[in-house]
Structure formats: structure tokens, C-alpha cells
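Next come the chains, spelled out residue by residue.
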Amino acid sequence: MGIEDYGGGQSGHSDVLVVTTNDVPGHRVDRVIGEVFGLTVRSRHLGSQIGAGLKSMIGGELKGLTKTLVETRNQAMERLVEQAGARGANAVLMFRFDVTEAADVGTEVCAYGTAVVITKE
């Protein structure tokens, strides 16, 4: 697995800028639209669970689970961007992820932030 399998984040061709900061240097916030989020819940694959159980006995990275989490986060972020764009935003400020267990059957990943309209100063 290459580095691209472990990375995430926004693609370079999105109309909605997503940042973890409260503002964007060189831009001003013209309108706050409000909270937006992207949510996904992924179940665990039985094979990866068995592999993870075996790997936990000898130590090391659980590469299959890492890749699944990256894919899950990317999907949640894509949904966040879609929602922000649909509500008229061109940026999301204070972007964060929240990850929780979902009733022992999977992992819930929520990407959230504040949708805004920004303009270059």
C-alpha cells in the first residue's frame, strides 16, 4: 500500500474550501450559513476483524483497518462538502472529525464544521 492509501483531505478541484482554522487569510466572511456535517457508518469486515485480532497478538499496524478508516473519513468529508455546497457555501471553517463506535457493529465518522461564504480581500 502506498502513501496515497493512507492520506485524505480535499481534492484540488472542489468549489468548497475546507479548513480547520477560524478564518482564511486574505479572505473575509460575508455570511455564516451554519453547521454542516457529513456522516457515515461503516461495519467491520469479518476477515479484517480476524486479521486484526491475530495482528494484535504480535503487534504492528492494522493496515486493513487503517485503510478502511481513511476511506470512511474521506467519504464523510465528501458528504460535508456536498452539503455545504448545496446550502450555498464556498468554504467550511473549523472543520473537525468525530469518530465513535456504533453499537459494536461499526464505526461512525462525522465530519463537521461551519459553512460560510467568503470573498477574497
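Procedures and definitions
- Residues numbered from 1 in each chain as written.
- Predicted model: local features only at pLDDT ≥ 70, side-chain atom pairs only at ≥ 80, totals over all residues.
- Heavy atoms only, no water.
- Helix = DSSP H or I, 4+ residues; strand = E, 2+ residues; numbered from the N terminus.
- Contact = heavy atoms within 4.5 Å.
- Areas by Shrake-Rupley, 256 points an atom, 1.4 Å probe, with all protein chains shown as cover.
- Phe/Tyr/Trp six-rings, centres within 6.5 Å; stacked < 30°, edge-to-face > 60°.
- Buried < 20%, exposed > 50% of the residue type's maximum accessible area, 1.4 Å probe, protein only.
- Lys NZ or Arg CZ within 6 Å of the ring centre and 35° of its normal.
- Pairing = 2+ DSSP bridges.
- Patch = residues over 30% accessible without salt bridge, like charges linked within 9 Å, V, L, I, M, F, W, Y side chains within 5 Å.
- Salt bridge = Lys/Arg side-chain N within 4 Å of Asp/Glu carboxyl O.
- Core = buried A, V, L, I, M, F, W, Y, C linked by side-chain atoms within 4.5 Å.

K.L.:
It is not clear to me how the overall build of the protein chain should be interpreted in this structure. Could you clarify?
P.N.:
Helix and strand counts for the protein chain come out as two helices and four strands. Across the protein chain, the fraction of contacts at a sequence separation of at least 24, relative to all contacts at a separation of at least 6, is 78%. Element-wise, carbon and sulfur atoms account for 54% of the exposed surface of the protein chain, whose accessible area totals about 7,500 Å².

K.L.:
Looking at this structure, I do not really get the packing of aromatic side chains. What am I missing?
P.N.:
Any aromatic ring pair is given by two values, namely how distant the centres are and how the planes are angled relative to each other. The tally for this structure, following the rule as stated, stands at one aromatic pair. Taken together, a centroid distance of 5.0 Å and an interplanar angle of 75° make the contact between Phe95 and Phe97 edge-to-face. Judged by its relative accessible area of 9%, Phe95 falls in the buried class. Here the guanidinium or amino end of Arg73 rests over the ring plane of Phe97, the centre of that ring lying 4.6 Å away.

K.L.:
Sorry, what's going on with the pairing of strand E3 (residues 91–102) here?
P.N.:
Successive side chains on a regular strand alternate, one facing one side of the sheet and the next facing the other. Where strand E1 (residues 17–18) meets E3, two bridges bridge the pair, whose relative direction is parallel. Within E3, the residue paired with Val18 across the bridge is Val92. In this structure, E3 lies alongside strand E4 (residues 106–120), joined through 10 bridges in antiparallel fashion. Residue pairing across strands places Leu93 opposite Thr114, the latter belonging to E4. Where E3 folds back on E4, the antiparallel hairpin that results is connected by three residues, among which Ala103 adopts a positive phi of roughly 55°.

K.L.:
Explain a nonpolar patch on the surface here, please?
P.N.:
Taken together, the side chains of Phe37, Leu39 and Tyr112 present a nonpolar region at the surface, about 250 Å² in accessible area. Take Leu39: it is sitting in strand E2 (residues 27–43). Accessibility expressed as a relative area gives 37% for Leu39, which makes it partly exposed.

K.L.:
Before we go on, may I ask you to explain the pattern of salt bridges in this structure?
P.N.:
As a working rule, side chains carrying opposite charge can pair if their charged atoms are close by. The full count for this structure, using the stated rule, is one salt bridge. The closest approach of N and O atoms between Arg28 and Asp30, which form a salt bridge, is 2.9 Å. Residue classification places Arg28 among the partly exposed residues on the basis of a relative accessible area of 42%. Using a relative accessible area of 38% as the deciding quantity, one classes Asp30 as partly exposed.

K.L.:
Looking at this model, I keep getting lost on the sheet that holds E3. Mind explaining?
P.N.:
Strand pairing in a sheet takes place through backbone hydrogen bonds and is either antiparallel or parallel in direction. Within the open sheet, the four strands sit side by side as E1-E3-E4-E2. Their pairing is mixed. Two strands lie at the open edges of the sheet, namely E1 and E2, each paired on one side alone.

K.L.:
What am I meant to see in the nonpolar core here?
P.N.:
Val18, Leu80, Ala84 and Val92 are the most contacted members of the largest nonpolar core, which totals 16 residues. Broken down by secondary-structure element, the contributors of at least two residues to this core are E2, helix H2 (63–86), E3 and E4. The greatest single-element share of this core, amounting to five residues, is contributed by H2. Discounting residues that sit within four places of it in the chain, Val92 has contacts with Val16, Leu17, Val18, Val19, Val36, Leu80, Ala84, Gly113, Thr114 and Ala115. Core analysis: the next-biggest nonpolar cluster, separate from the first, contains six residues, Val19, Leu93, Val116 and Ile118 among them.

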